[in-house]
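Take a look at the letters that make up each chain.
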Amino acid sequence: MPNPTGYSASQIWLHWIVALLIVLQFVLKNPISEAWRAMGRGEEVAFSPLIGAHVAGGLLVLALVIWRLVLRVTQGAPQPPAEESAPLKLVAKATHGLLYLLLIGMPVSGATAWIGGIEAAAGVHSVLRVLMLLFVALHVAGALYHQFVLKNNLLARMKRPG
C-alpha cells in the first residue's frame, strides 16, 4: 500500500461530502422516524420527499464510504505525525476504524429496517446513531486538539491535497 504524505483531492472531497451528508441525515431523521412509528401502529404512510431524501442519502453515504475505502487501499493515507504519542495514535486509529464501521453499519441497518421492514434492524440503527454522534464528536475534538493544542496543523491534510 502506498504511504503518501497527504490525502488526494478525491479523498478530501469524499471526506467533506460524507460529512455534509451525515449532517443532513441527522436533520432529515424526524420524518422517517415518524413514518416508522406510524407503520408500527399499522397506519398507512404516504410518500414524502424528506423520507426519500433520507433513504437516498443513506445509500449515497454507503456508496461514497466504499469509494473512500477503495481509495484508502489503492492510494494509502498519511501516517500520524511522528511526534504523536503511541496512545494518541491508537485512539486515532480506533476512532477512524469505528467511524468507517459506523458509516457502513448505519446505512445497512437503516436500509434493512426501512426496505426490509425488520424491527431489529431499526433498533440497531438507533443504537448506531448514538454511537455515530459520539465518534463524530471524538473525531472533531481530536482534529481541534491537533490544531489548537498540539499546533501541528494536521487539519491542513483535509484542506489541500498533499
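So, here's what we can say about the structure.

Some details on the packing of helix H2 (residues 29-40) against helix H3 (residues 49-75)
Consideration 1: Direction vectors running N to C along H2 and H3 enclose 105 degrees, while the axes themselves pass 8 Å from each other. In this view, H2 runs roughly perpendicular relative to H3, as classed from their interaxial angle. Where H2 approaches H3, its residues Lys29, Pro31, Ile32 and Ala35 are matched on the opposing element by Leu50, Ile51, His54 and Val55.

A closer look at the layout of surface pockets
Consideration 1: Taken as a whole, the largest pocket holds about 1,400 Å³ of empty space.
Consideration 2: For the largest pocket, the lining is made up of 46 residues, of which Tyr7, Ala92, His96, Leu99 and His139 are closest to its centre.
Consideration 3: Looking at the lining of the largest pocket, the elements that each hand over two or more residues are helix H1 (9-27), H3, helix H4 (86-116) and helix H5 (119-150).
Consideration 4: Of the residues that constitute the lining of the largest pocket, the class distribution is 31 nonpolar, nine polar and six charged.
Consideration 5: A volume near 620 Å³ is recorded for the second largest pocket.
Consideration 6: Contributing elements (two or more residues each) for the lining of the second largest pocket: H1, H2, H3, H4 and H5.

Considerations on the side chain of His15
Consideration 1: Summarising the element assignment, His15 is placed in helix H1.
Consideration 2: If we skip the residues at most four places from it in the chain, His15 touches Arg68, His139 and Met158.

Quick look at the nonpolar core
Consideration 1: Ranked by size, the top nonpolar core spans 16 residues in total, and within it Val18, Val61, Leu64, Val65, Leu102, Leu103 and Met132 carry the most contacts.
Consideration 2: Contributions of two or more residues to this core are made by H1, H3, H4 and H5.
Consideration 3: With five residues, the single largest contributor to this core is H4.
Consideration 4: When sequence neighbours within four positions are dropped, the list of residues in contact with Leu102 reads Pro107, Leu128, Leu131, Met132 and Phe135.

About the cut-offs
- Residues numbered from 1 in each chain as written.
- Predicted model: local features only at pLDDT ≥ 70, side-chain atom pairs only at ≥ 80, totals over all residues.
- Heavy atoms only, no water.
- Axes fitted to C-alpha atoms, helices over the stretch in contact; angles between N-to-C directions.
- Helix = DSSP H or I, 4+ residues; strand = E, 2+ residues; numbered from the N terminus.
- Parallel < 35°, antiparallel > 145°, perpendicular 65-115°, else oblique.
- Contact = heavy atoms within 4.5 Å.
- 1 Å grid on protein atoms, 1.4 Å probe; cavity = no way out; pocket = protein on both sides within 12 Å on 5 of 7 lines; lining within 4 Å.
- Points joined across faces, edges and corners; volume = space filled by probe spheres on them.
- Nonpolar A, V, L, I, M, F, W, Y, C, P; charged D, E, K, R; others polar.
- Core = buried A, V, L, I, M, F, W, Y, C linked by side-chain atoms within 4.5 Å.
- Buried < 20%, exposed > 50% of the residue type's maximum accessible area, 1.4 Å probe, protein only.

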